[in-house]
Amino acid sequence: MKKVVLFFVIAIFASLAVFAVDATPTTAPSTSLLLGSSSTTTVVAIVNGEPIYANILNMASNVAPTLAQLKNINPQMYNFMTTTKDGFNFLAAYNRSVLNNLIDSVLMEQLAKQKYNIVVTDAQALAQVKAQVAQMLSAYNITEDQFSQYLQSQGYGDINQFEQDSLFTMKFSMTLDQLKKVVTSSATVTTAEAQQYYNSNINSFQNPPEIDVEHISLSSQSTAASVLALIKSGKITFESAAAKYSLDTNTKNENGDLGWIPQSPNMPDFEVKLFGANIGDIIGPVQVNNSWELFKVIGKKGPSVQSFAEVQSQIVQQLLSQKQSQIWANWLQNVFQPFKNSSNIKIMI
């Protein structure tokens, strides 16, 4: 259950952007805040008149459940973190770091609304949170009551409280998605640009040599030698022997065909021999893990280069992603940073 919950909590907050905030706290943090206060009335920061509450910081920092696990795993470290000045200073620094990220989340939402008219409502965010919770419950086959009980044991309240507390980060995640689409919408990649990239990086699109191989998997070296003798005598074909004797149920009805295998660095010796063999050659018996194998080379391809048409969409997506990342980085520096610098930010812890 702990792994399930931690996975979900991490996923819910994974989209939080990380920005540097230069703000000075006005007071020392309280013990309740450091250990994970769930207060919905205690204000920990005010951003252009908009408050951030302790329960939101608690959800984002995840301090309380982390300490609960630490108490079981390493009691000595737990005592240090919760009873010493150095431990509290560490928790305070961590809480403030998380709060800095939350402040930037609020700033991002404010700017998205003011400049681009992007607004994610509580109802929209709550619907998405509920959908993710339902998906998680189904995937891990747990009930709402079981999830609520665990949440309460970790100081989060019940599932309804968890969903309400998750609105902050969900709204930011949804806002950020829309904002990035708007800001980077000018990014385009022409066919000429993709072609130029292809021509300049042609070596990246080379296919290594490949061989088409059939195999027969057998229980012992002596059995493999006996089957090989039957094949060499002409009493049975390699393909018929695979169907009759092979222990590999996935390939025995396909003549033992393993399909095309690309050449790669650090191949085992028997694969090196296969690539050096001629079509029709049989290699083996060779011990591979717990079986003895016979291999037959039935096809070979030399190195080749993928055509531009084969990789065009891949190149376009790669170049588009690079352009979008650059546009976004420029926007953060030239639009978001000045907005943050001119904002009124008050930190209460």
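What you are looking at is a predicted structure, and each value in this text was computed from that prediction instead of being measured. (Residues numbered from 1 in each chain as written. Predicted model: local features only at pLDDT ≥ 70, side-chain atom pairs only at ≥ 80, totals over all residues. Heavy atoms only, no water.)

Regarding the nonpolar core
- Core analysis: the largest hydrophobic core is formed by 30 residues, its most contacted members being Ile52, Leu99, Met108 and Trp331.
- Elements represented by at least two residues in this core include exactly strand S1 (43–47), helix H3 (54–61), helix H6 (85–116), helix H10 (167–183) and helix H15 (308–341).
- Here this core gets 9 residues from one element, more than from any other, and that element is H6.
- Sequence-distant contacts of Ile52, that is, excluding residues within four places in its chain, are made with Thr42, Val43, Val44, Ala45, Val47, Leu99, Leu102, Ile103, Val106 and Phe168.
- Ranked by size, the runner-up nonpolar core spans 15 residues in total, among them Val120, Ala125, Leu126 and Leu137. (Core = buried A, V, L, I, M, F, W, Y, C linked by side-chain atoms within 4.5 Å. Buried < 20%, exposed > 50% of the residue type's maximum accessible area, 1.4 Å probe, protein only. Helix = DSSP H or I, 4+ residues; strand = E, 2+ residues; numbered from the N terminus. Contact = heavy atoms within 4.5 Å.)

Remarks on the packing of aromatic side chains
- All chains considered together, the criterion is met by 7 aromatic pairs.
- With a centroid separation of 5.1 Å and 15 degrees between ring planes, the pair formed by Phe270 and Phe295 is classed as stacked. Here Phe270 is found in helix H14 (residues 269–276), whereas its partner Phe295 is found in strand S7 (residues 291–301), with 25 residues between them in sequence.
- Judged by its relative accessible area of 15%, Phe270 falls in the buried class. (Phe/Tyr/Trp six-rings, centres within 6.5 Å; stacked < 30°, edge-to-face > 60°.)

Topic: the pattern of salt bridges
- Evaluation of the coordinates by the stated rule reveals 5 salt bridges.
- We note a salt bridge from Glu193 to Lys323, for which the minimum N-O separation is 2.9 Å. With Glu193 in helix H11 (residues 191–200) and Lys323 in helix H15, this pair connects stretches of sequence that are 130 residues apart.
- In this structure Glu193 comes out as partly exposed when scored by relative accessible area, which is 30%.
- Classification of Lys323 by relative accessible area gives partly exposed; the value is 30%. (Salt bridge = Lys/Arg side-chain N within 4 Å of Asp/Glu carboxyl O.)

Re the sheet that holds strand S4 (residues 210–218)
- Spatially, the 4 strands line up as an open sheet ordered S5-S4-S7-S6, and their pairing is antiparallel. Here the strands that pair on one side only, and so sit at the sheet edges, are strand S5 (257–262) and strand S6 (282–288). With direction set aside, neighbouring strand axes in the sheet form an average angle of 35 degrees.
- Running at roughly 170 degrees to S6, helix H12 (residues 221–233) makes contact with S4, S6 and S7 of the sheet.
- Packed onto the sheet, helix H13 (residues 238–245) meets S4, S6 and S7 and runs at close to 45 degrees relative to S4. (Pairing = 2+ DSSP bridges. Axes fitted to C-alpha atoms, helices over the stretch in contact; angles between N-to-C directions.)

Focus on the packing of helix H5 (residues 75–83) against H6
- It is the contact of H5 with H6, at a shortest axis distance of 5 Å, that shows an interaxial angle of 80 degrees. Taken together, the axes of H5 and H6 are roughly perpendicular relative to one another. The residues of H6 that touch H5, namely those facing Phe80, Met81, Thr82 and Thr83, are Lys85, Asp86, Gly87, Phe88, Phe90 and Leu91.
- Broken down by class, the residue content of the contact of H5 with H6 amounts to 5 nonpolar, 3 polar and 2 charged. (Parallel < 35°, antiparallel > 145°, perpendicular 65-115°, else oblique. Nonpolar A, V, L, I, M, F, W, Y, C, P; charged D, E, K, R; others polar.)

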